[in-house]
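Letter by letter, the chains look like this.
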Amino acid sequence: MLAVVPPPVTVRVPSKINLHLSVGDLREDGFHDLTTVFHALSLTDEVTVAVAEEPGVEVYGEGEASVPTGANNLAWRAVQALAAHVGKPDPKVRVVLRKGIPVAGGMAGGSADAAGTLVALTALWKLDLGRDELAGIAAKLGSDVPFALYGGTALGTGRGEQLVPVLSRHTFHWVLAFDQRGLSTPRVYEELDRLREIGDPPRVGSHAPVVEALASGDPRQLALLLGNDLQAAAVSLRPGLRRTLRAGVNAGALAGTVSGSGPTCAFLCADAESALAVAAELAGAGVCRTVRVAHGPVPGARLTGGEELHRPTPPQVHA
Ligand SMILES: C[C@](O)(CO)[C@H](O)COP(=O)(O)OP(=O)(O)OC[C@H]1O[C@@H](n2ccc(N)nc2=O)[C@H](O)[C@@H]1O
Ligand SMILES: Nc1ncnc2c1ncn2[C@@H]1O[C@H](COP(=O)(O)OP(=O)(O)OP(=O)(O)O)[C@@H](O)[C@H]1O
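Rules behind the numbers
Residues numbered from 1 in each chain as written. Chains lettered and ligands numbered in written order. Predicted model: local features only at pLDDT ≥ 70, side-chain atom pairs only at ≥ 80, totals over all residues. Heavy atoms only, no water. Near = heavy atom within 4 Å. Polar contact = N/O pair within 3.5 Å; in protein donor to acceptor, adjacent residues only side chain to side chain. Areas by Shrake-Rupley, 256 points an atom, 1.4 Å probe, with all protein chains shown as cover. Helix = DSSP H or I, 4+ residues; strand = E, 2+ residues; numbered from the N terminus. Nonpolar A, V, L, I, M, F, W, Y, C, P; charged D, E, K, R; others polar. Domains from an automatic or database assignment. Pairing = 2+ DSSP bridges. UniProt positions renumbered as here; feature names shortened; annotations may be inferred. Contact = heavy atoms within 4.5 Å. Buried area = accessible area lost by both parts, 1.4 Å probe. Salt bridge = Lys/Arg side-chain N within 4 Å of Asp/Glu carboxyl O. 1 Å grid on protein atoms, 1.4 Å probe; cavity = no way out; pocket = protein on both sides within 12 Å on 5 of 7 lines; lining within 4 Å. Buried < 20%, exposed > 50% of the residue type's maximum accessible area, 1.4 Å probe, protein only.

Undergrad: Describe in detail the site of ligand 1, supporting the description with residues and values.
TA: Close to ligand 1 lie 17 residues; Lys 16, His 32, Ser 143, Asp 144 and Tyr 189 are nearest. Between ligand 1 and Arg 159, the relevant distance is 3.1 Å, taken from a nitrogen atom to a main-chain nitrogen or oxygen of the residue. Considering ligand 1 on its own, with 640 Å² of exposed area, one finds that the protein chains cover 82% of that surface. Of all the secondary structure elements, the ones that give two or more residues to the shell around ligand 1 are β1 (9-26), β2 (32-51) and α5 (185-198). Class assignment of the residues belonging to the shell around ligand 1 gives a composition of 6 nonpolar, 8 polar and 3 charged. Formed jointly, the shell around ligand 1 draws a minimum of three residues from each of two domains, domain 1 (9-167) and domain 2 (172-296).

Undergrad: Pulling in residues and values, what's your account of the pairing of strand β6 (residues 162-165)?
TA: Residues in a regular strand point their side chains to alternate faces of the sheet. Here strand β5 (residues 153-157) pairs with β6 via 4 bridges, running antiparallel. Among the inter-strand pairings, Ala 154 is bridged to a residue of β6, identified as Pro 165. The turn linking β5 back onto β6 is made up of 4 residues, and Gly 158 within it adopts a positive phi angle of 70°.

Undergrad: Outline the UniProt feature "domain: GHMP kinase C-terminal" (unreviewed entry) in the protein, listing residues and values.
TA: UniProt records the feature "domain: GHMP kinase C-terminal" (unreviewed entry) at residues 211-284, using the numbering of this structure. Structurally, residues 211-284 is divided into 54% helix and 15% strand, and its ends, taken at the C-alpha atoms, are 34 Å apart.

Undergrad: Explain the domain arrangement of the protein to me, and be specific about the residues and the numbers.
TA: For the protein, the assigned domains are domain 1 (9-167) and domain 2 (172-296). In this structure, domain 1 and domain 2 have C-alpha centres spaced 22 Å apart. Contacts between the two partners involve 31 residues from domain 1, matched on the other side by 37 residues from domain 2. Together domain 1 and domain 2 conceal approximately 2600 Å² of surface at their shared face, both sides included; 61% is due to carbon and sulfur atoms. Counting across the interface, domain 1 meets domain 2 through 1 salt bridge. The closest approach of N and O atoms between Arg 289 and Glu 62, which form a salt bridge, is 2.7 Å. Our enumeration of links across domain 1 and domain 2 arrives at 17 residue pairs in polar contact (both at pLDDT 80 or more). Those elements that place two or more of their residues in the side of domain 1 that touches domain 2 are β1, β2 and β5. Among the elements that line the side of domain 1 that touches domain 2, the one with the most residues is β1, at 10 residues.

Undergrad: Hey, could you go over the UniProt feature "active site" (unreviewed entry) in the protein for me, with residue numbers and the actual values?
TA: The UniProt record marks Lys 16 and Asp 144 with the feature "active site" (unreviewed entry), using the residue numbering of this structure. For the annotated residues, spread through 129 residues, the largest C-alpha to C-alpha distance comes to 8.8 Å, consistent with a single compact locus. Those annotated residues lining the largest cavity are, specifically, Lys 16 and Asp 144. Looking at the secondary structure, you find Lys 16 in strand β1. You can call Lys 16 buried: its relative accessible area is 5%. In this view, Lys 16 contacts Phe 38, His 39, Ala 40, Gly 106, Met 107, Ala 108, Asp 144, Phe 147, Ser 259 and Gly 260; residues no more than four positions away in its chain are not counted. Within the local environment of Lys 16, its side chain forms a polar contact with the side chain of Asn 18, the two groups lying 2.7 Å apart. Relative to the helices and strands, Asp 144 is located in the loop between α3 (131-141) and α4 (145-150). Relative accessible area serves as the criterion here: at 22%, Asp 144 is assigned to the partly exposed category. Setting aside residues no more than four positions away along its own chain, Asp 144 makes contact with Lys 16, Phe 38, Ala 108 and Ser 111.

Here is the structure:
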């Protein structure tokens, strides 16, 4: 009898920015305790998984040359982790990544691919896995991976993997400035530790006002509250970011912040029209490699076809 080969499955998965990122002390396990407000943006990667005789990863699009295609690719690590979890040795799948998210840009591109792969394989293999189970596997792959599963806006604690949804009623409009080269996340955390040893880099306050601004939906209120403890470290390693941040505000953005560990800068704009105008002006300012507009919040990893049944159930929203 001929085996029926299931059709390929494609998942779209968002990038993230951190509206607020408070970094605590270095822990014994090498991670820092965080309190952060994650926000999923419409700048996405697409992940397609298919049964294949020759397993592996192919990468196309933004930054493709700097993404490993072997065992180090985070999407491939997700294949291995899910296969081990459900007892499928030697998984025969091919993963195709179409990248829109900048590589090593502080927007969790690799994490997005890992989350997208988990959701796509759950559908391809017709697995009956609950959200918590998938999020548990995601957390082992990286601190940002669970958020890419859920998307929306969420408060992250622990090393960023413990999530509670945050109410965000409105769509916010953003301009993103990609830098010439990426920054290594562990290197930026190390730089923050170094700066804290020799001085007192600025620390963001409580996240509570950010949560209130999100509920109000007023971008002007939110703009006053954007903050990232890693910004000083990213700027210390890449001083040109100061110019980029200034140029975005000069172009008419309400405020700008380094996204996560950088070097991508995210600029909050008053509305969609203003975002387009800011993007056009920033693109001409010669301070960055590429400019994109995006909006948020958007949902987490989801199937692009009709296979929604296998999507993990989002957690309850607490107002
Ligand atoms: C900067 C952020 O994007 C903000 O959301 C994340 O904290 C980074 O998350 P990520 O890229 O998924 O990071 P992981 O793959 O979990 O960890 C990579 C490295 O970053 C550092 N790291 C990461 C998360 C954290 N809470 N503390 C850390 O110090 C550690 O050196 C770790 O070895
Ligand atoms: N699928 C993938 N996509 C992009 N980079 C990957 C992938 N798999 C492994 N990598 C490696 O991981 C490094 C970090 O890539 P990534 O794009 O996830 O960084 P990032 O967006 O700054 O991460 P974060 O915001 O979560 O800290 C890259 O330099 C690349 O070598």
